[in-house]
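Observations on the model geometry
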Amino acid sequence: MRFALKGLWTLVICVVSIPVLAQEQIIPITTAENAMVLKVDQQKNLSILYYGRKLGNNNEYALIPQAYKQTSDYTEVADAAYTASGSRNLLEPAITVTHADGNNSLDLRYVQHEQKDLGSGVSQLSILLKDPVYHFQVTLFYKSYFKQDVIEQWAVIRHAEKSNVTLHKYASANLHIKAKSFWLTQYHGDWAKEMQSETSRLTHGIKTLDSKLGTRANLFQPSVFMVSLDQPATEDEGTVLYGALEYSGNFKTDLELDYQNNLRIISGINSYASAYTLKPNEDFVTPGFLYTLSHEGKGSASRKLQDWARNFKVLDGKKDRLTLLNNWEATYFDFDESKLKELIKDTRKLGVDLFLLDDGWFANKYPRNGDVAGLGDWEPNKKKLPNGIGTLVKEAANNQVKFGIWIEPEMINPKSELYEQHPDWVVKQPQRAEHYFRNQLVLDLSNPKVQDFVFKVVDDLFTQNGELAYIKWDCNAVIYNAHSAYLKNQSHFYIEYMRGLYNVLKRIRSKYPTVPMMLCSGGGGRVDYGALEYFTEFWPSDNTDPLERIFMQWEYSYFYPAITSANHVTDWGKQPIKFRTDVAMMGKLGFDIVVKHLSEKDLQYCQNAIKQYNSFKDIVWFGKQYRLANPTEGDIASMAYINEEKSKGVIFNYLVNNRYGTGSIYPVRLKGLEPTARYKITEICLYPGTKTSIDESQTYSGEFLMTIGFNPVVHAQRTSVVLNIEKI
Ligand code: DGJ
């Protein structure tokens, strides 16, 4: 699951080992602003000495503990870098095991560490820990990204005992942080209500963020979170840590405010129903736990993470993307070849790059004419598409657009030929009634034959339709009745399912390395950096009401760059086409509308907006994102994207409250500009026949715009205003 490095950036990472006392060592991992400082004491305990703003003099880290007068650590492992259980520890552990002889104790002591410079500002530290009594070891990995202040941490667990060891818990990492108070921002949701945020002060005890849903693991709770230190961070002020598990399956993050008032964050795969039997000399590799720390508020943390994601994680994060017309909401399941050919023509007429054929194109014995049948039978439906997919791909090429297709290859309807032929490929309890999520079940990806089948679904589409240019990979069901007919050990099911999924994605990517793929999950039920290594973008939510999307996209943007957010213009909501299109332009633009239902002016608006979008999309995708006016705090939302050179940007402004007299009463303060440069602001994406209300002849210093601000003149008659800002 590790990945190749991209980019040319080459600052030297500093990971050095400093002997302090005779046998004490300090190991600081420093990035641009921060230091994660580990300490090996004389007894070879490895602890987290400090995580925070870095000091100029590495020798001073050793002085930190004496500055704190907290109560005693009776165990000497409360600040452990990876907390073992069953020996001295009294707090939430990172790892719990039963050894081959039935003993439950584990003690991990430092043996050695190694540091590698991986180039491009990336460094990797590995630290080997061993149990002095058992042949059991854990290697901790810290991959640090200097410029972005990001650390990815994971563990490799291994033993050489006489027979199997049971892992009851196997976290990726645990952190240990000191502050006067801790404020957790977490997310929850459901279908069409993704990324609802809540912030509260952490009290003593353990707060758990977790998922047991198996597949679309984020449906109720995503694994991303923020912790503000000392006080709730604002957009531009305060110290805040962002955390995320790079994993698409069940996860668990415990935030434990301990008796000493320190915060311990333990994050990893959820070991719920998943005790893992580890064979001698087998490596158990945990997924990465990702974190960054900012001292300039949430905005700066998000820009660090976005920069990291584009440079190092998201597939082709620095490359181009395709705008598209999707037919899901235009047709649902009701289409045939001639209707699709019309839509392909509309794709060209609209001016986007690709036509995306959604659900409903497949299955014959049990045709996919609704969501009750057909999943699993991936041959084109002969009635709807007598000439197959190939003819549509050609039709697209004739219209100078590309063609993409929807699949949901992990899933199966009981009403399908696949189910009749391979009931043993289905996740279900042999002695219990089936329970459905959207009338469907999940295929058992722990089974290599099922992995081959899923790979073949994708491979066949490409081999049979050479110019296929895009895949939308959906995943609508959670896992009920978790049971595999293939696995001998059912406790391995959730883990093996994810390994199976990643195996398939790896195979797809080794054969089709660059084809864009959208990560979709009946909305935004599966959005994480484990999956985004294989996908170019994600579907944030089926809720495309632009008013809702302003809030949702705002929250997603703290963790994911705009280039990964597939935003489609649909008929959801009551907003005019301009508002809908403008909101969708704050990411990767797509449409899911009936083009021929658009009025002449609406169509003209969309066509022009797409042209405008093509001229500024690079700034939205690769520039720096600044949140200017928070929709949860006032009547307007304002979001800016400014290029690296600070010479050009685009600012989106919306009215989010329709009460009488609401609007941009105060100027919006801009960010990310050069104070001494002069800028000109013009309004773009105007609806045909309308004029701007701003004075475009005026020029402003960056200082003025960032100190006083600019009024986009948003009100009930101008609910969506897009501004272009350019250095003169
Ligand atoms: C759920 C997705 O989120 C939608 O965009 C659409 O593709 C449907 N599935 C199709 O069944």
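None of the values given here were measured: they were computed from a predicted structure.

Within the protein chain, the regular secondary structure consists of eleven helices and 38 strands. The globule rule puts the C-alpha radius of gyration for 728 residues at 27 Å, and the 27 Å found for the protein chain is close to it. Overall, the C-alpha framework of the protein chain stretches about 80 × 70 × 45 Å when taken along its three principal axes. In the protein chain, the proportion of contacts linking residues at least 24 apart, taken out of those at least 6 apart, comes to 68%. Roughly 27,400 Å² of accessible area belongs to the protein chain as shown, and the carbon and sulfur atoms make up 50% of that amount. Positive and negative side-chain charges of the protein chain, numbering 81 and 83 respectively, have mean locations separated by a distance of 2 Å.

This brings us to the packing of aromatic side chains. Overall, the coordinates contain 44 aromatic pairs when judged by the stated rule. Residues Tyr 187 and Phe 559 carry aromatic rings whose centres are separated by 5.7 Å and whose planes lie at 90° to one another, so their mutual orientation is edge-to-face. Here Tyr 187 is found in strand S13 (residues 182-188), whereas its partner Phe 559 is found in the loop between helix H8 (546-556) and strand S31 (566-569), with 372 residues between them in sequence. Each member of the pair, Tyr 187 as well as Phe 559, carries the same accessibility label: buried. Ring centres 6.1 Å apart and planes at 85° place the aromatic pair Trp 621 and Phe 622 in the edge-to-face group. Overall, the relative accessible area of 0% leaves Trp 621 in the buried class.

Our focus in this paragraph is empty space enclosed by the protein. With the rule as written, the count across this model stands at seven cavities of 30 Å³ or more. The calculated volume of the largest cavity comes to roughly 130 Å³. Surrounding the largest cavity, 15 residues form its lining, Val 77, Ala 80, Tyr 82, Asp 107 and Leu 108 being those nearest its centre. Here the residues of the lining of the largest cavity sort into nine nonpolar, four polar and two charged.

A few words now on the layout of surface pockets. Computed from the structure, the largest pocket encloses a volume of approximately 490 Å³. Along its surface, the largest pocket is lined by 20 residues, and Lys 39, Pro 65, Asp 73, Asp 79 and Lys 178 are the ones closest to its centre. By residue number, the principal contributor to the lining of the largest pocket is strand S5 (residues 46-53), which donates three residues. The residue makeup of the lining of the largest pocket, split by class, is six nonpolar, eight polar and six charged.

As for its position among the elements, Tyr 626 is in strand S33 (residues 624-629). Relative accessible area serves as the criterion here: at 10%, Tyr 626 is assigned to the buried category. For the pair formed by Tyr 626 and Ser 300, sequence separation is 326 residues and the distance between their alpha carbons is 8.7 Å. In this structure Tyr 626 touches Arg 303, Ser 638, Met 639, Ala 640, Ile 642, Lys 671 and Gly 672, once residues within four positions along its chain are discounted.

Now for the environment of Lys 207. By the secondary structure assignment, Lys 207 is in strand S15 (residues 205-210). Lys 207 gets classed as partly exposed once you look at its relative accessible area, which sits at 33%. C-alpha separation for the pair Lys 207 and Leu 257, spaced 50 residues apart in sequence, amounts to 8.5 Å. Among the polar contacts made by the side chain of Lys 207, one reaches the side chain of Gln 186 at a distance of 3.3 Å.

Taking strand neighbours across the sheet as the criterion, the four strands line up as S12-S19-S18-S15 in an open arrangement whose pairing is antiparallel. The outermost strands of the open sheet, each flanked by one partner alone, are strand S12 (173-177) and S15. Averaged over all pairs of adjacent strands, the angle between their axes in this sheet comes to 15°, without regard to strand direction. As defined by bridge partners, S15 adjoins strand S18 (residues 251-257) across six bridges and the pair is classed as antiparallel. Bridge pairing in S18 links Gly 205 to Leu 257.

Applying the stated criterion across every chain yields a total of 41 salt bridges. Here Arg 507 ties to Asp 452 by a salt bridge, and the two come within 2.8 Å at their closest N and O atoms. You can see Arg 507 sitting in helix H7 (residues 493-511) and its partner Asp 452 sitting in helix H6 (residues 448-464), a full 55 residues away along the chain. In this structure Arg 507 comes out as partly exposed when scored by relative accessible area, which is 32%. Taking relative accessible area as the criterion, Asp 452 reaches 40% and is therefore assigned partly exposed. Where salt bridges share partners, they join Glu 76, Arg 88, Asp 107 and Arg 109 into one cluster.

Relative to the helices and strands, Glu 92 resides in the loop between S5 and strand S6 (95-98). Within polar-contact distance, the side chain of Glu 92 engages the side chain of Lys 169 at 2.6 Å. Contacts of Glu 92, omitting those with residues within four sequence positions, involve Thr 83, Lys 169, Ile 206, Asp 254, Glu 256, Arg 264 and Ile 266.

Most of strand S16 (residues 225-229) sits out of view: five of its five residues are buried. Covered by surrounding structure in S16 are Phe 225, Val 227 and Leu 229 together with Met 226 and Ser 228, the residues of both alternating faces. Sheet topology note: the S16/strand S17 (residues 239-245) ladder contains five bridges and is antiparallel. The residue of S17 that forms the bridge with Met 226 is Tyr 242.

Here we take up the site of the ligand. In the vicinity of the ligand lie 13 residues, with Asp 358, Asp 359, Lys 472, Asp 474 and Asp 542 positioned nearest. At 2.6 Å, a side-chain N or O of Asp 359 approaches an oxygen atom of the ligand. Between the ligand and Trp 406 there is a distance of 3.1 Å, counted from an oxygen atom to a side-chain nitrogen or oxygen. Protein chains bury 97% of the 290 Å² of accessible surface belonging to the ligand in isolation. For the shell around the ligand, the class distribution of residues is four nonpolar, three polar and six charged.

Before going further, it helps to spend a moment on the sheet that holds strand S29 (residues 517-519). Within a sheet, adjacent strands bond to each other through the backbone by hydrogen bonds, running parallel or antiparallel. Pairing is parallel across the open sheet formed by eight strands, whose spatial order is S30-S29-S28-S25-S24-S23-S32-S31. Single-partner strands in this sheet number two, and they are strand S30 (537-538) and S31. With three bridges joining them, strand S28 (residues 468-473) and S29 adopt parallel strand pairing. Note on S29: the bridge partner recorded for Lys 472 is Met 518. Along the sheet, H6 contacts strand S25 (402-407) and S28; its crossing angle with S28, the most-contacted strand, is approximately 150°.

What counts, and at which threshold
- Residues numbered from 1 in each chain as written.
- Predicted model: local features only at pLDDT ≥ 70, side-chain atom pairs only at ≥ 80, totals over all residues.
- Heavy atoms only, no water.
- Helix = DSSP H or I, 4+ residues; strand = E, 2+ residues; numbered from the N terminus.
- Rg over C-alpha atoms; globule rule 2.2 N^0.38 Å.
- Contact = heavy atoms within 4.5 Å.
- Areas by Shrake-Rupley, 256 points an atom, 1.4 Å probe, with all protein chains shown as cover.
- Lys, Arg positive; Asp, Glu negative; His and termini not counted.
- Charge placed at Lys NZ, Arg CZ, Asp CG, Glu CD.
- Phe/Tyr/Trp six-rings, centres within 6.5 Å; stacked < 30°, edge-to-face > 60°.
- Buried < 20%, exposed > 50% of the residue type's maximum accessible area, 1.4 Å probe, protein only.
- 1 Å grid on protein atoms, 1.4 Å probe; cavity = no way out; pocket = protein on both sides within 12 Å on 5 of 7 lines; lining within 4 Å.
- Points joined across faces, edges and corners; volume = space filled by probe spheres on them.
- Nonpolar A, V, L, I, M, F, W, Y, C, P; charged D, E, K, R; others polar.
- Polar contact = N/O pair within 3.5 Å; in protein donor to acceptor, adjacent residues only side chain to side chain.
- Pairing = 2+ DSSP bridges.
- Axes fitted to C-alpha atoms, helices over the stretch in contact; angles between N-to-C directions.
- Salt bridge = Lys/Arg side-chain N within 4 Å of Asp/Glu carboxyl O.
- Near = heavy atom within 4 Å.

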